[in-house]
Amino acid sequence: MRHLIDILELSVEEIDELVAVANDIIANPEKYQEKCRHKKLATLFFEPSTRTRLSFEAAMYELGGNVLGFSEAQSSSSAKGESVADTIKVVSSYADIIAMRHPKEGAPMVASMKSDVPVINAGDGGHNHPTQTLTDLLTINREIGHFDNITIGFCGDLKFGRTVHSLASALSRYENVKMIFISPEELRIPEHILKETLEPAGIEYVETTDLMQYMGELDVLYMTRVQKERFFNEADYIRLKDSYILDLEKVHCMKEDACVLHPLPRVNEIAIEVDEDPRAKYFIQAKCGKYIRMALILKLLEIK
Amino acid sequence: MIIGNITNGIVLDHIQAGKGMEIYEVLKLSELSCTVAMINNADSVKMGKKDIVKINEVIDLDLDILGYIAPTTTVNIIKDGKVEHRKRLQLPERVVDVITCKNPRCITSVERGLKQSFKLTNREKGTYRCIYCESEAK
Ligand SMILES: [Zn+2]
């Protein structure tokens, strides 16, 4: 039995396989609509994330399966002080697979150690969110066509942005990937990601505070939100949140076939006017999230 | 100062000076009934100063904990007055219930009955990370 807690648990071959299945689902949805008949997905959301939960639920329904669960800790037993281990032992006797989101980092890993059924980490605090990374990878695959030989820019909050850390780690396993990290000084990518993951993998990278410096070279620009809850004071947040706003003028400096991604929700880091540009792919990305989750559910349930 | 040689037992040599007492406590040597000698700040050609612990009996030692706290230690097993076996320690891959995760957002801060577990992620630098939240041990 396999779980998915951290994106790096999946080999490059397994990611390729998931992407291939997701692409096949998009091409032939009717082939998959009964695959999970009589199977139940439990969505255990100890903190609310409507977007991620709906994506999981839509994925399971489109496979012909059923969904049960809760969407915030108040309505769950953890509000009464039940441990993650106990909750999981009970739920894994009702469901065939579990998607779990939890504010505490490492909670889904604890769940996977106690569960009788596969556990998918649907986000644990500021730590991991592997299905977001799979979503990003599927989008890059569909828009660019490959993971090797790409130049990707990451912009915004690179210090706390877990989606950036995971995607950079996942892409570090491909050939000739160049990474540009664009952020204010205060929100630079953590040194351990550079030193412990990217450098050993031989990834070429640069750090810059200037969004425009490498704009014309990028195949992918991955924008992120500057999250208010990560700041200790309001003044710092207000000073930094507008540092890197992508508008149409800037997008026009990008290559014709480049694409702009964003894990959503956005605040104001991408101007609304950019939505109309063909390089804006963030809504397609959200749609990809459902398909890759379908592929993942099939894989973990070992359904061909 | 001379402390008598032991015939059968263990000598923990080349302990980084100042770590001897910590080892004594972590390995719970006070609970042994045999003679245990602690030598602090002995002269050492290699290290300048070192600590030495002598245990007058061959006991099971948790080498992982020892390796984590004092990786320079050499473990000498003494049989019939001779060194029968000498082992240099290295940093263990895993340490359980020795380091406590300091990340307030880590599941170990709230989940009951969960062991604190850290894995070695960089041997050269001796970096350990919590297996749950991946925070670096401080
Ligand atoms: Zn931790």
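Residues numbered from 1 in each chain as written. Chains lettered and ligands numbered in written order. Predicted model: local features only at pLDDT ≥ 70, side-chain atom pairs only at ≥ 80, totals over all residues. Heavy atoms only, no water.

Thoughts on the domain arrangement of chain B
So, point 1. Partitioning chain B into domains gives domain 1 (9–88) and domain 2 (94–130).
So, point 2. Put simply, the middle of domain 1 of chain B and the middle of domain 2 of chain B, counted by C-alpha atoms, are 25 Å apart. (Domains from an automatic or database assignment.)

Some points on the packing of helix α3 (residues 84–91) of chain A against helix α4 (residues 107–114) of chain A
Angle between the axes and distance between the axes are the two parameters that describe a pair of packed helices.
All names here are of chain A.
So, point 1. Interhelical geometry of α3 versus α4 gives an angle of 50 degrees and a closest axis separation of 9 Å. With respect to α4, the element α3 is oriented oblique. You can see that α3 and α4 cross each other, and the crossing is right-handed. Of α4, the residues touching α3 (which contributes Val84, Ala85, Ile88 and Lys89) are Ala107, Val110, Ala111 and Lys114.
So, point 2. A breakdown of the residues in the contact of α3 with α4 according to their chemical character gives six nonpolar, no polar and two charged. (Axes fitted to C-alpha atoms, helices over the stretch in contact; angles between N-to-C directions. Helix = DSSP H or I, 4+ residues; strand = E, 2+ residues; numbered from the N terminus. Parallel < 35°, antiparallel > 145°, perpendicular 65-115°, else oblique. Left-handed = near helix turned anticlockwise from the far one by under 90°. Contact = heavy atoms within 4.5 Å. Nonpolar A, V, L, I, M, F, W, Y, C, P; charged D, E, K, R; others polar.)

Structural notes on the side chain of Lys281 of chain A
Residue and element names in this part refer to chain A.
So, point 1. Inspection of the secondary structure assignment puts Lys281 in the loop between β9 (259–261) and α10 (282–300).
So, point 2. Of the residues examined, Lys281 reaches a relative accessible area of 16% and is grouped as buried.
So, point 3. Within the structure, the side chain of Lys281 is placed 3.0 Å from the backbone oxygen of Pro278, a separation counted as a polar contact.
So, point 4. If we skip the residues at most four places from it in the chain, Lys281 touches Thr139, Glu143, Cys259, Val260 and Leu261. (Buried < 20%, exposed > 50% of the residue type's maximum accessible area, 1.4 Å probe, protein only. Polar contact = N/O pair within 3.5 Å; in protein donor to acceptor, adjacent residues only side chain to side chain.)

A short note on the layout of surface pockets
So, point 1. Reported here for the largest pocket is a volume of approximately 1,500 Å³.
So, point 2. Forming the boundary of the largest pocket are 47 residues, of which His127 and His192 of chain A together with Arg129, Cys133 and Glu134 of chain B lie nearest the centre.
So, point 3. Contributions of two or more residues to the lining of the largest pocket are made by α6 (162–171) and α7 (191–198) of chain A together with β7 (117–122) of chain B.
So, point 4. Considering each element in turn, the lining of the largest pocket owes the most residues, five residues, to α7 of chain A.
So, point 5. The computed volume of the second largest pocket comes to approximately 830 Å³.
So, point 6. For the lining of the second largest pocket, the element with the most residues is α10 of chain A, which contributes six residues.
So, point 7. Residue composition of the lining of the second largest pocket, by class: nine nonpolar, 15 polar and eleven charged. (1 Å grid on protein atoms, 1.4 Å probe; cavity = no way out; pocket = protein on both sides within 12 Å on 5 of 7 lines; lining within 4 Å. Points joined across faces, edges and corners; volume = space filled by probe spheres on them.)

A look at the domain arrangement of chain A
Residue and element names in this part refer to chain A.
So, point 1. Taken domain by domain, chain A comprises domain 1 (7–128 + 287–300) and domain 2 (130–285).
So, point 2. When each unit is reduced to the centre of its C-alpha atoms, the spacing between domain 1 and domain 2 is 25 Å.
So, point 3. In this assembly, 30 residues from domain 1 lie in contact with 24 residues from domain 2.
So, point 4. Inspection of the region where domain 1 meets domain 2 yields eleven residue pairs in polar contact (both at pLDDT 80 or more).
So, point 5. Mapped onto the side of domain 1 that touches domain 2, the elements with two or more residues apiece are α1 (12–27), α2 (50–62), β4 (119–124) and α10.

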